Each structure stands twice: as C-alpha cells, then as structure tokens.
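For reference, the chains in residue letters:
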Amino acid sequence: MRVAIAGAGLAGLSCAKYLCDAGHTPVIYEARDVLGGKVAAWQDEDGDWYETGLHIFFGAYPNMLQLFGELGIEDRLQWKDHAMIFNQKDDPGTYSRFDFPDLPAPLNGVAAILGNNDMLTWPEKIQFGLGLVPAMLRGQDYVESCDQYSWTEWLRLHNIPERVNDEVFIAMSKALNFINPDEISSTVLLTALNRFLQEKNGSKMAFLDGNPPQRLCEPIVASIRERGGEVHLNRPLRQIQLAADGSVASFRIGGVKGNEHLEVEADAFVSALPVDPLKLLLPEPWKQMPYFQKLEGLKGVPVINIHLWFDRKLTAIDHLLFSRSELLSVYADMSNTCREYADPHRSMLELVFAPAAAWIGRSDADIVAATMAELQRLFPVHFSGDDQAQLRKARVVKTPQSVYKSVPGCQQLRPSQDAPIANFFLAGDFTMQRYLASMEGAVLSGKLCAEVVSRQSAPVLV
Ligand SMILES: Cc1cc2nc3c(=O)[nH]c(=O)nc-3n(C[C@H](O)[C@H](O)[C@H](O)COP(=O)(O)OP(=O)(O)OC[C@H]3O[C@@H](n4cnc5c(N)ncnc54)[C@H](O)[C@@H]3O)c2cc1C
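Computed from a prediction, not measured in an experiment: that's the story for all the values here.

The rules behind each value
Residues numbered from 1 in each chain as written. Predicted model: local features only at pLDDT ≥ 70, side-chain atom pairs only at ≥ 80, totals over all residues. Heavy atoms only, no water. Helix = DSSP H or I, 4+ residues; strand = E, 2+ residues; numbered from the N terminus. Rg over C-alpha atoms; globule rule 2.2 N^0.38 Å. Buried < 20%, exposed > 50% of the residue type's maximum accessible area, 1.4 Å probe, protein only. Contact = heavy atoms within 4.5 Å. Pairing = 2+ DSSP bridges. Right-handed = clockwise from strand over helix to strand, strands pointing away. Axes fitted to C-alpha atoms, helices over the stretch in contact; angles between N-to-C directions. Parallel < 35°, antiparallel > 145°, perpendicular 65-115°, else oblique. Left-handed = near helix turned anticlockwise from the far one by under 90°. Domains from an automatic or database assignment. Buried area = accessible area lost by both parts, 1.4 Å probe. Salt bridge = Lys/Arg side-chain N within 4 Å of Asp/Glu carboxyl O. Polar contact = N/O pair within 3.5 Å; in protein donor to acceptor, adjacent residues only side chain to side chain. Nonpolar A, V, L, I, M, F, W, Y, C, P; charged D, E, K, R; others polar.

Draft legend 1. Molecular detail of the overall build of the chain. When helices and strands are tallied, the chain shows 13 helices and 20 strands. Over its C-alpha trace the chain gives a radius of gyration of 23 Å, about what one expects of a compact globule, namely 23 Å for 462 residues. Taking the principal axes of its C-alpha atoms as reference, the chain extends roughly 70 × 55 × 40 Å. The 462 residues of the chain split such that 57% are buried. Restricting the contact set of the chain to residue pairs at least 6 apart, pairs at least 24 apart contribute 68%.

This is how it looks when you write it as structure tokens:
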C-alpha cells in the first residue's frame, strides 16, 4: 500500500518506519527544510547547534527506547545519574537532590522522597504519599478520571498543603507542559508520577548525544528509504481534496524553493501535523463531525528555548536542572550533558522559558536580558563582583504553538488515530495514547497509526 504522510516530526517518521516494517510504502511530505518538527535544530555560522527545545528522554519511554534499539543507535543516549536536581529557592547557587537508589520500584522513589529534607516537611511527605495511593492502586483509570481537576485543585481535594506546589510542582508542571499547576490537568502530573514510581528506571534521564535531526531523525529516514519509502522536505500539505464519497481523493502539496505543486494520490493518507495547522486544513464537510469538532478544544501552548554561550564554565553538573525560577523552567549546561556540544572550558546553557504567553511577542533582546537577570540567582558567584562571566552569544527559538495545552477536560478531546474517514488517519503527540504530549507520545502515536492503517488494508478472511 502507498501511504501519503504529511509531517516529518517524530510522529510522522515513526508512522512511516512502522509502515515499512509492515511491508507498505510511505511517502512523507514535510513543510519545512528541516526534519524533526519540535525536535528540529539548526547550525549557526560558527557551527554551533541551537534547538527548538531542550529534550530529555526518560527510562519510562518504552516505545522510544525500542525505536533506538531497532535503529541500532542506543549508544546515542547519554544516561545520567538517577536523580532529580532542583535549584534551592532561598539559597542562590545551591541545589537540592532527589537521589534514586538502586532498589526496585516503588522503593527507590520512596527512598528518594524520604531522603530529601530540603524541600518537603515530614507531614507534607506523608500527606502527599497518602494522596498518591489511589493512583498507585487504581492505575490509569483513576489518573484519567482526575482530568476534571487542575493539579492545584487535586492537591486541595487531598488536603495537601499548597506549599508542596511552590517547592516541587511548579517546576514539574512547567517542565511537563510549560504551564503552572493552577492550569495543568492533574492527569498530566499523575501520569508522570505513576510512571516514575512504578518503573524502576522510569525517572532516569538521558540526553541525546547531539543534534536531533542528524542523530535521531536521519537514522529513521535511512530506515524508511532503504525499504522504498520517501521523505521530502519543503513540501507543505496545502489542501485535503475530497472524493464524492467524502473520503480523501488526494493531498495537494505546495511547491516551495522551486518545487512544482503536486496532486498526491495514495491508498491511505495520514496527517502527522500538530493539531493547530491540522485544524486549518480540515475540509469543510469534516468540520461538522464530532471527531473533528473536538479538536477545537486542543490548542498549542507557547514556549521559548534559549541558548547562552559563555566565556567560561559556570558548572560541572552533568544533568538536567529544575530552575524553580519565575520565568524559567528546566535548563542544562549542554557543554557537560551532550557529547556533540561538549566544551571543557566554556558553558552553553540551554534553558526553557515558561510560561511564555506574556513573552512570546517580546524581542529576543528582552528575553535574553530577563534570562540573564534570573541567572544571577542560579549562578551568583559568576554574575557578581569584578570578574563576571561574559555572554559570548545567544539564540532564542520561539514556538508560539508547541504541544497542546493540557488543561482539565482535554483527555476526552484527544482523537484516536483512526479517523471516521475510510482512508484518512491521524498521528501526532496530541492523538490519544497513554503517554503525554512528548517524544514518547509522538513515537507511540505513529506506531499506533501504522497499525490502524495496516489493519484496514489487511484482507478480510472468511
Ligand atoms: C521547548 C520544548 C521542550 C520539549 N521537551 C521535551 C522533553 O524534554 N521530552 C519530551 O519527551 N518531549 C519534549 N517536548 C515535546 C516533544 O518535542 C513533542 O511532543 C514531539 O516532538 C511532537 O512530535 P510530533 O511529531 O507529534 O509533532 P511535531 O514535532 O510538531 O511535528 C509535526 C511536523 O509537521 C510539520 N508540518 C506542519 N504543517 C505542515 C504542513 N502543512 N505540511 C507538511 N508538514 C507540516 C511540521 O513542520 C513538523 O515537522 C518538548 C517540546 C518543546 C517545544
């Protein structure tokens, strides 16, 4: 079967890879001149890479890890110590750690929480632990039922002091969906906590060893092309053309950079677009269908990714850090964490700026200045006195509509991969799968989509 796929993010690439595995021939059309969508990255005039987002891989990403295994690139994941490290709010330049010992789950998680006395008091730990019991015992059904509450509401329902938010969950909420606990659905936090507490290495983190388009996306493309599939850049889907029966007749593909327009016919059609551009392309007759109408409630959240290159080392920490700062979410010194960006003498900080709604329209200079002000608290020694660290250069990447904003009530709006159109299917992190809007969710959505496409094409045995 020939399958036309729009979008070469991780969902589209994974869908194509698994369609090849099932013996089909996928052809991907990507709007931009770069692979990867939200993991896209570019090289500046000095050869330094800058990225759409600082990306962390977790032990609790079975489909992503399987994909790395199938591509034979497991060694490109740089696993870090099993720990979560937070900046101390009231003691600038110091850190508080949750260290996970080498014990089975959930004992290692419990030991990590009990072992940290900087952030939570004993009564807070006990109350929070009791609050998590239903999630641990009743699993995902309970977690899904909590989608009616924000995380702050969920804490209140369980009599857990809101100070726990200030200490831990503002940081986690911003890291997971770039918004604060009073906005985020409690399902998001509970899903992550459940994975982290139930799987021994669930919260163990890895960095890719270099830029994602080359180190992750290109091996997927190679595996697709080896088996007769195609991947085309600068090829935006402009229109979904319908046949008389309401199914898809063709994808109208735009021509950019000298490319001709194309009218692509195929046996099946997949959108692996983010939800916001997909909504703009829905054919008029589909917009009345409940399956597509629900997409109106899913909207991309703004986020900003910042890169700061310094004239010296600011830290030797080889890990992700939770800033616990007003403007920033997580950050890392990529000169320590990532082989391709390694520099023994100078730091390159990659920082996620969130929530970003109030900042997405501001100038890069304003955003860098605000970030530098925050760094005075994170690295007080390097940004005070006579011999301060100097910023060599900066890059700001804004994504006005990134992953869908996971506010309460969104779970029921997420569509299955199987659209109510005979030959049309969806992939993308926003589609329904048991992981959140994440790289793992995108890869799994692509795999599920490939399964549905294959199932529909299989001859019916009588
Ligand atoms: C700052 C930031 C940090 C993040 N950190 C993490 C993290 O640490 N861990 C994690 O797991 N996840 C993280 N994520 C989320 C993760 O990047 C996404 O969930 C995932 O990459 C989404 O993949 P996708 O294929 O569903 O969508 P996308 O990556 O958005 O891919 C969609 C593709 O469709 C293309 N497209 C759009 N319109 C058209 C058109 N008309 N025709 C053809 N193509 C089109 C786009 O150009 C894009 O290539 C982060 C995201 C951001 C922005």
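Having put the structure on the table, let's press on.
Draft legend 2. Highlighting the pairing of strand E1 (residues 2-6). Across the five residues of E1, four count as buried, placing the element largely inside the fold. Pairing of E1 with strand E2 (residues 25-29), which is carried by five bridges, proceeds in the parallel orientation. Note on E2: the bridge partner recorded for Ala-6 is Tyr-29. Taking the sense of rotation as the criterion, the β-α-β connection linking E1, helix H1 (residues 10-21) and E2 turns out right-handed. Two strands pair when backbone bridges link them, and E1 and strand E14 (residues 268-271) are joined in this way by four bridges, in the parallel orientation. Within E14, the position partnered with Val-3 by the bridge is Ala-268.

Draft legend 3. Structural detail: the packing of helix H2 (residues 62-71) against helix H8 (residues 212-226). Between H2 and H8, the shortest axis-to-axis distance is 10 Å and the interhelical angle comes to 60 degrees. With respect to H8, the element H2 is oriented oblique. Crossing geometry of H2 relative to H8 is assigned as left-handed. Only Leu-216, Pro-219, Ile-220 and Ser-223 of H8 make contact with H2, whose side of the interface consists of Met-64, Leu-67, Phe-68 and Leu-71.

Draft legend 4. Examining the domain arrangement of the chain more closely. Per the domain assignment, the segments making up the chain are domain 1 (2-35 + 211-298 + 405-457), domain 2 (100-202) and domain 3 (303-399). Between the C-alpha centres of domain 1 and domain 2 there is a distance of 33 Å. In this assembly, 12 residues from domain 1 lie in contact with 15 residues from domain 2. Both faces combined, the contact of domain 1 with domain 2 buries some 1100 Å², and carbon together with sulfur accounts for 54% of it. On the domain 1 side of the contact with domain 2, Ser-406, Pro-408 and Leu-436 bury the most area, a combined 45% of that side's loss. Applying the counting rule to domain 1 against domain 2 returns one salt bridge. Of the charged contacts, one joins Glu-183 and Lys-405 as a salt bridge, the two residues approaching to 3.0 Å between their closest N and O atoms. Counting across the interface, domain 1 meets domain 2 through seven residue pairs in polar contact (both at pLDDT 80 or more). Broken down by class, the residue content of the side of domain 1 that touches domain 2 amounts to six nonpolar, four polar and two charged.

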